[in-house]
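Structural overview
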Amino acid sequence: MILSLNKTGCCPVSHISTRVKMMDFGEILRAVGDFGFFQKVIILGLSFPYFLLPLFFSSFLFIQVDPERHCNTDWIRRAAPNLTTGEQQNLTLPRELDGTFSRCQMFVPVNWSIDAIREKGLNETTECLNGWLYGDMLYEATIVTDFDLVCDRSYMAEIAQMVFMTGLLAGSFIFGPLAESYGRRRSTLLPAALLLIFVIVAGVSPNITTYLVSQFMVGAALGGYRINSTVLATEWIGVTRRSIASCMTQVFAGAGQCAMAGLIYVIRDWRTAQYIMAGAQAFVLLYIWWIPESARWLLGQGRTEEAGVLIRKAAAMNKKKIPENMLSEVTGERKVQSGGIKALLTSAILLKYFFIISFAWFSLNLGYFSLVLNVGKFGLSIFLVQFLFGISEIPAHLLCIWVLEFSGRKKSLIATLLAGGCICLLTLAFPQDSAVVITVLVTTGKFFLNWAGSVCMVYIQELFPTSVRQTAVGLGSIAFRIAGLLSPLLNMSAVYHHSLPIVVFSSLAVVSGGLVFLLPETSQKELPDSTSDIKGIGTMATKKTGTNYNMTVNGSINSTKL
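Definitions and limits used
- Residue indices begin from 1 for each chain and proceed along its sequence in written order.
- Given that the model is predicted, a residue must reach a pLDDT of at least 70 before its local features are reported, and side-chain atom pairs must reach 80 or more before they are shown or counted; all residues, however, enter totals for whole chains, interfaces and linings.
- Heavy atoms from the whole structure form the basis of all side-chain values; hydrogens and water molecules are not counted.
- Across the chain, each position has a pLDDT score giving the predictor's confidence in that residue, from 0 to 100.
- Helix numbers and strand numbers start at the N terminus; a helix is a DSSP run of H or I with at least 4 residues, a strand a run of E with at least 2.
- Two residues qualify as a contact provided that any one of their heavy atoms is within 4.5 Å of a heavy atom in the partner residue.
- A helix's residues, less one, multiplied by 1.5 Å, set its expected span.
- Each pair of aromatic rings taken from Phe, Tyr and Trp, with Trp reduced to its six-membered ring, is defined by centres within 6.5 Å and is described as stacked if the planes are under 30 degrees apart, edge-to-face if over 60, and tilted in the remaining cases.
- Exposure classes here rest on a 1.4 Å probe applied to the protein chains alone. A residue is buried below 20% of its type maximum, exposed above 50%, and partly exposed in between.
- Two thresholds decide whether a charge sits over a ring: the Lys NZ or Arg CZ must be within 6 Å of the ring centre and within 35 degrees of the ring normal.
- Here the axes come from fitting lines to C-alpha atoms, over the contacting stretch only for helices, and the angles between their N-to-C directions go from 0 to 180 degrees.
- Should an angle fall under 35 degrees it is called roughly parallel, over 145 degrees roughly antiparallel, and 65 to 115 degrees roughly perpendicular, with every other angle called oblique.
- When residues are sorted by character, Ala, Val, Leu, Ile, Met, Phe, Trp, Tyr, Cys and Pro go into the nonpolar class, Asp, Glu, Lys and Arg into the charged class, and all the rest, Gly among them, into the polar class.
- By nonpolar core we mean a set of buried residues, namely Ala, Val, Leu, Ile, Met, Phe, Trp, Tyr and Cys, connected to one another through side-chain atoms within 4.5 Å.
- Counting of polar contacts relies on pairs of N or O atoms within 3.5 Å, with two restrictions inside protein: one atom must be capable of donating a hydrogen and the other of accepting it, and residues adjacent in sequence are counted only when both atoms are side-chain atoms.

Overall, the prediction assigns the chain a mean pLDDT of 83, with 86% of residues at 70 or greater. Ranking the elements of the chain by mean pLDDT puts strand 2 (residues 17-18) last with 32 and helix 8 (residues 186-203) first with 95. This stretch, residues 1-21, has a pLDDT under 50; its non-local contacts, to residues over four places away or in other chains, come to 43 contacts. Contacts of residues 538-562 to residues separated by more than four positions or lying in other chains number 82 contacts, the stretch itself having pLDDT below 50.

Once that is clear, we can look at helix 13 (residues 304-317). The end-to-end C-alpha distance of helix 13 is 20 Å, a good match for the 20 Å that 14 residues give at a rise of 1.5 Å each. Looking one or two places after helix 13, you find Lys319, whose phi comes out positive at around 60 degrees.

The subject of this paragraph is the packing of aromatic side chains. Under the criterion given, the structure shown has 22 aromatic pairs. Pairing Phe48 with Phe51 gives two aromatic rings, centres 6.2 Å apart and planes at 15 degrees, and the pair type is stacked. Here Phe51 and Phe48 lie together in helix 2 (residues 37-52), a separation of 3 residues that amounts to about one turn. Summarising the aromatic geometry, the rings of Phe147 and Trp270 are spaced 5.9 Å apart at their centres and angled 65 degrees between planes, so their arrangement reads as edge-to-face. Taken together, the residues Phe147 in the loop between helix 6 (143-146) and helix 7 (156-182) and Trp270 in helix 11 (residues 270-287) connect sequence positions 123 residues apart. With respect to class, Phe147 is no different from Trp270; both count as buried. In this structure, Arg95 is placed above the aromatic ring of Phe101, and the distance from its NZ or CZ to the ring centre is 4.1 Å. Here the basic side chain of Arg268 rests over the ring of Tyr265, its NZ or CZ set 4.7 Å away from the ring centre.

For the rest of this paragraph, the subject is the packing of helix 17 (residues 382-407) against helix 18 (residues 409-426). Look at helix 17 against helix 18: their axes get within 7 Å of each other, and the N-to-C directions meet at 125 degrees. With respect to helix 18, the axis of helix 17 lies oblique. In contact with Val403, Leu404, Glu405 and Ser407 of helix 17, helix 18 contributes Arg409, Lys411 and Ser412. For the contact of helix 17 with helix 18, a count of residues per class yields 2 nonpolar, 2 polar and 3 charged.

Among the nonpolar cores identified, the biggest contains 159 residues, and Phe56, Tyr211, Trp236 and Phe464 are the most heavily contacted of them. The greatest single-element share of this core, amounting to 14 residues, is contributed by helix 16 (residues 348-372).

Mapped onto the secondary structure, Thr145 falls in helix 6. For Thr145, the residues in contact, after removing those within four places along its chain, are Tyr134 and Met137. A polar contact of 3.0 Å, which involves the side chain of Thr145, links it to the backbone nitrogen of Thr142.

A word on the packing of helix 7 against helix 20 (residues 466-492). Running from amino to carboxyl end, helix 7 crosses helix 20 at an angle of 170 degrees, the nearest separation of the two axes being 7 Å. Between helix 7 and helix 20, the angle is such that the two are roughly antiparallel. Here the residues of the contact of helix 7 with helix 20 are counted per class, giving 14 nonpolar, 11 polar and 4 charged.

Right, let's talk about the side chain of Lys446 for a bit. With respect to the helices and strands, the residue Lys446 is situated in helix 19 (residues 435-463). On the basis of relative accessibility, which here comes to 0%, the residue Lys446 falls in the buried class. Those residues in contact with Lys446 that lie beyond four places of it in its chain are Gln257, Tyr368, Leu371, Val372, Phe389, Ser392 and Glu393.

See the structure below:
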């Protein structure tokens, strides 16, 4: 079929023009304003919570895994209340081979007089029976000291990280596909409410079990909010500014990482930090109920009247006037688009796109979280390293907005994956005690991996049609979250060789960068609304502002101004 484009406003000779489908949503956006005040308010409202999201990692990031401590042996003071601390320790604590007091053992308590204890001495040892006394602490209180996650329970700090990452995975699996049926807005509001509830529950947790359950729920809510809010904002934005939603949310997240370092540096008490986060999240809930649903999703569901109301609201806020013929088309009857997991799995081209972009997302996030969760082990102050990690993300995402439009999605993703992987591999060329050099390299590597993450979030939304977009993002986020779940385990493999984690995640990043060559470019192209639009995504031209495209009977295209 031969296609010809006539922009003179006249019909081609011997051709009778007829519309083959309802008005494209891109045309609607151009009429009401594709990046006006309405879109900016939505982006700001949905991006601010990203400033808080990094703070939810603080309770298991800012800890001392092996703090200075010894068993609580106050039992002996019943026999001798006036004992000095040194005398008490000398009588009740066994010594290690190096002469220091044991940090995990004590002598079994006895009901003797102090003279008898001094004369006979204590020989039978046991694990700490009444908790620990901590000293030389960087923090006032952490989950390690409050829940005594030391000695034979020291592994529980890593378990807390894994539970949180499992929650992120569950949230992506649940809230992603859920948005296809119940809408972007509902699947964004519910996680926001759950975050407030379970941040408070975490703060008042009386034991490690309650804390772990609350962290799982916080992770699930965070994962759900992240994928749904970004898609909700993106579907309201036109072609030329579409990357802004994904990139701006990550700019706020980078600023949040800096704020997390400052907050914990000042407060040093994890429970107090939880309450501050809950107060900020309560502020989010005060305004987020007014964020509108995606009109693009509503039209795909055949709910044209509701979509029409929102489109009028967008036009009013952007001070635009909608042509009457457009309003009648918007509110006319539309076919409900089928989608979801079935549509994704039955399309070979969609499956290819999904595998490649998901593998890239997995690889870059395996590296990202392996670095983030290892923040206290680079030889410098944990507060400084965390601040550097956060401040480096802000220019990455600001640059992403410009570079994505200048060089496109495909080249940007390839370049950032290869750069991030190779720079992280370069750290192996320096001795482990080169703290400054290694910190600079891992911060730079994380810069590129994080940049690649923003590109992936934009790219995956543009590769898939509206009917399966949220499902693709949700399922793709599962790969993202599996990487987060595996990152603590990958870091633990450093006991076999310190280079193992870096070699694994850096190599995967380089391989995934190579696979991206097989994806089409999507820059400056309309978001596909149905699976039939995907077939031409590699060659589909950008629709010009104010142009109405009609399909003629023999397949030629005629365009007229609205």
